[in-house]
2 protein chains.
Amino acid sequence: MNNSPVPVNIADKLAQFSDLWSQKKIAQLNDYEVKLAKLKGEFVWHKHDDTDELFLVISGRLTLQLRDGDVTLGPGELYVVPQGVEHCPVADEETAILLFEPVGTSNTGDAGGSRTKAPEILS
Amino acid sequence: MNNSPVPVNIADKLAQFSDLWSQKKIAQLNDYEVKLAKLKGEFVWHKHDDTDELFLVISGRLTLQLRDGDVTLGPGELYVVPQGVEHCPVADEETAILLFEPVGTSNTGDAGGSRTKAPEILS
């Protein structure tokens, strides 16, 4: 997918799905992947013991609840949750985000549970 | 910088500089960095022997000249130039991009020369 000679249009990719809390892979850079997701409501508290995690908001508004306080991101804003830092994403309105992290990073990190879901590949 | 409790606003960061072809680091994720740059005109043909390189256009229009043909990106479009693939960015109008690649990746790759410049850190 990352060898394709055509650009990846984020808006076009977002138009291809509507399910919430389901990561969609749109590109790969070395052993990292670029994913999109649509969020609404609250996720689960978790952390990633082996990696930082980058959130970039495309539309809507995302709050990353952290144990030391919240960080709220609007469109065009990004935040890197450091490795090992507990966080819980929450979005009052439907929010589209871009994620950047290593291939194989679990969406629920150390928490596991019913909301764990591997990313899907968008054609 | 990636441990800051405040989000990184891409537009605010872009407003902090006007020099062309000078990468500005705005965040770090593990041993990868997120950088911004403003481009106009043509760069130099080069490749990165050790890494892929991600280009995301924020504003303007970027053409990545490749030996097999060109890829043109508008706002919200990204492309990953694979490791070892020669490319030469060119922008007819001033264009703002976000780059994602490993810390230490040279802007001119294997070509070197007078346009080689280490990234600066935006406060």
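Since the structure is predicted, the reported quantities are computational estimates derived from the model, not experimental observations. Position labels on residues start from 1 in each chain and follow its written sequence. The lettering of chains begins at A and the numbering of ligands begins at 1, in the order of writing. Since the coordinates come from a predicted model, pLDDT governs what is reported: local features require at least 70, and pairs of side-chain atoms require 80 or more to be given and counted, while whole-chain, interface and lining totals use all residues. The side-chain quantities take in all heavy atoms of the structure and omit both hydrogens and water.

Trainee: How do you make sense of the environment of Ser 22 of chain B when you look at a structure like this?
Mentor: Residue and element names in this part refer to chain B. Take Ser 22: it is sitting in the loop between α1 (10-14) and β2 (24-29). Throughout, exposure labels follow a simple rule: accessible area from a 1.4 Å probe, protein chains only, divided by the maximum for the residue type, with under 20% read as buried, over 50% as exposed, and the rest as partly exposed. Using a relative accessible area of 1% as the deciding quantity, one classes Ser 22 as buried. Remark: the alpha-carbon pair of Ser 22 and Ala 118, spanning 96 residues in sequence, is separated by 7.9 Å. Non-local contacts of Ser 22, meaning those with residues more than four positions away in its chain, are made with Phe 17, Leu 36, Ala 37, Lys 117 and Glu 120. Nitrogen and oxygen atoms within 3.5 Å of one another constitute a polar contact, given that in protein one can donate a hydrogen and the other can accept it, and given that sequence-neighbouring residues count only through two side-chain atoms. Among the polar contacts made by the side chain of Ser 22, one reaches the side chain of Lys 24 at a distance of 3.0 Å. For helices the rule is a DSSP run of H or I covering at least 4 residues; for strands it is a run of E covering at least 2, with both sets numbered from the N terminus onward. Throughout, a contact is declared for two residues whenever any of their heavy atoms are within 4.5 Å.

Trainee: Any chance you could explain the environment of Asn 9 of chain B here in plain terms?
Mentor: Mapped onto the elements, Asn 9 of chain B comes out in strand β1 (residues 8-9). Sequence-wise, Asn 9 of chain B and Ile 26 of chain B are 17 residues apart; in three dimensions their C-alpha atoms are separated by 9.2 Å. The residues contacting Asn 9 of chain B, other than those within four sequence positions of it, are Gly 76 and Glu 77 of chain A. At a separation of 2.9 Å, a polar atom in the side chain of Asn 9 of chain B contacts the side chain of Glu 77 of chain A. A polar contact of 3.1 Å, which involves the side chain of Asn 9 of chain B, links it to the backbone nitrogen of Ala 11 of chain B.

Trainee: I'm lost on the pattern of salt bridges in this one. Help?
Mentor: A side chain of one charge can pair with a side chain of the opposite charge if their charged atoms are brought near each other. Salt bridge, as applied in this entry: a Lys or Arg side-chain nitrogen positioned within 4 Å of an Asp or Glu carboxyl oxygen. Tallied over the entire structure, the rule returns 20 salt bridges over all chains. The shortest N-O distance in the salt bridge between Asp 49 of chain A and Lys 47 of chain A comes to 2.9 Å. A residue is classified by how much of its surface remains accessible, and Asp 49 of chain A, at 42% relative accessible area, is partly exposed. Overall, the relative accessible area of 21% leaves Lys 47 of chain A in the partly exposed class. Salt-bridge contacts for Glu 120 of chain B lead to Lys 117 of chain B; the nearest nitrogen and oxygen are separated by 3.6 Å. Within the structure, one salt-bridge network assembled from shared partners comprises Asp 19, Lys 24, Lys 117 and Glu 120 of chain A.

Trainee: Just checking my understanding: could you explain the interface of chain B and chain A for this structure?
Mentor: One widely used convention gives an interface's size as the accessible area the parts lose upon coming together. Across the contact, 34 residues belong to chain B and 34 residues belong to chain A. Two parts placed together each lose some accessible area under a 1.4 Å probe, and adding up what both lose gives the buried area. Of the roughly 2600 Å² buried at the junction of chain B and chain A (both faces included), carbon and sulfur atoms supply 60%. When the buried surface of chain B facing chain A is broken down by residue, Leu 29, Asn 30 and Leu 78 of chain B rank first, second and third, together holding 22% of it. If you look at where chain B meets chain A, you find 0 salt bridges. Where chain B packs against chain A, one counts 12 residue pairs in polar contact (both at pLDDT 80 or more). Counting only elements with at least two residues in the side of chain B that touches chain A, the list comes to β1, β2, β3 (32-42), β4 (53-59), β6 (69-73), β7 (77-81) and β8 (87-102) of chain B. Nonpolar residues are Ala, Val, Leu, Ile, Met, Phe, Trp, Tyr, Cys and Pro. Charged residues are Asp, Glu, Lys and Arg, and all others, Gly as well, are polar. Its residues assigned to classes, the side of chain B that touches chain A comprises 20 nonpolar, 9 polar and 5 charged.

Trainee: Even after reading the chapter, I still don't get the relation of the copies chain B and chain A, so can you show me in this structure?
Mentor: Between the two copies, chain B and chain A, the superposition gives an RMSD of 0.0 Å; the rotation angle is 180 degrees and the shift along the axis is 0.0 Å. Both chain copies can therefore be described as sitting about a two-fold axis. Same-surface contact between copies: 100% of interface residues of chain B are shared with the interface of chain A. Copy-to-copy alignment: least squares on C-alpha atoms, limited to residues at pLDDT 70 or above in both.

Trainee: Quick question: what am I supposed to make of the nonpolar core here?
Mentor: A general trend in soluble globular proteins is that nonpolar side chains are found buried together. We call a set of buried Ala, Val, Leu, Ile, Met, Phe, Trp, Tyr and Cys residues a nonpolar core when their side-chain atoms join them within 4.5 Å. In this structure, Phe 100 of chain A together with Phe 100 of chain B are the most contacted members of the largest nonpolar core, which totals 36 residues. Discounting residues that sit within four places of it in the chain, Phe 100 of chain B has contacts with Leu 29, Leu 54 and Phe 100 of chain A together with Leu 29, Tyr 32, Glu 33, Val 34, Glu 53 and Leu 54 of chain B.

Trainee: How do you make sense of the UniProt feature "domain: Cupin type-2" (unreviewed entry) in chain A when you look at a structure like this?
Mentor: If you check UniProt for "domain: Cupin type-2" (unreviewed entry), the listed places come out as residues 41-96 of chain A in our numbering. As annotated, residues 41-96 of chain A has a helix share of 0% and a strand share of 61%, and its two end C-alpha atoms lie 12 Å apart. UniProt positions are given in the numbering used here, feature names are shortened, and annotations may be inferred rather than shown by experiment.

Trainee: Is there a simple way to think about the environment of Gly 69 of chain A in this case?
Mentor: Residues and elements named next belong to chain A. Of note, Gly 69 is situated in strand β6 (residues 69-73). Judged by relative accessible area, Gly 69 falls into the partly exposed class, the value being 29%. Taking the C-alpha atoms as reference points, Gly 69 and Val 8, separated by 61 residues in sequence, lie 34 Å from one another.

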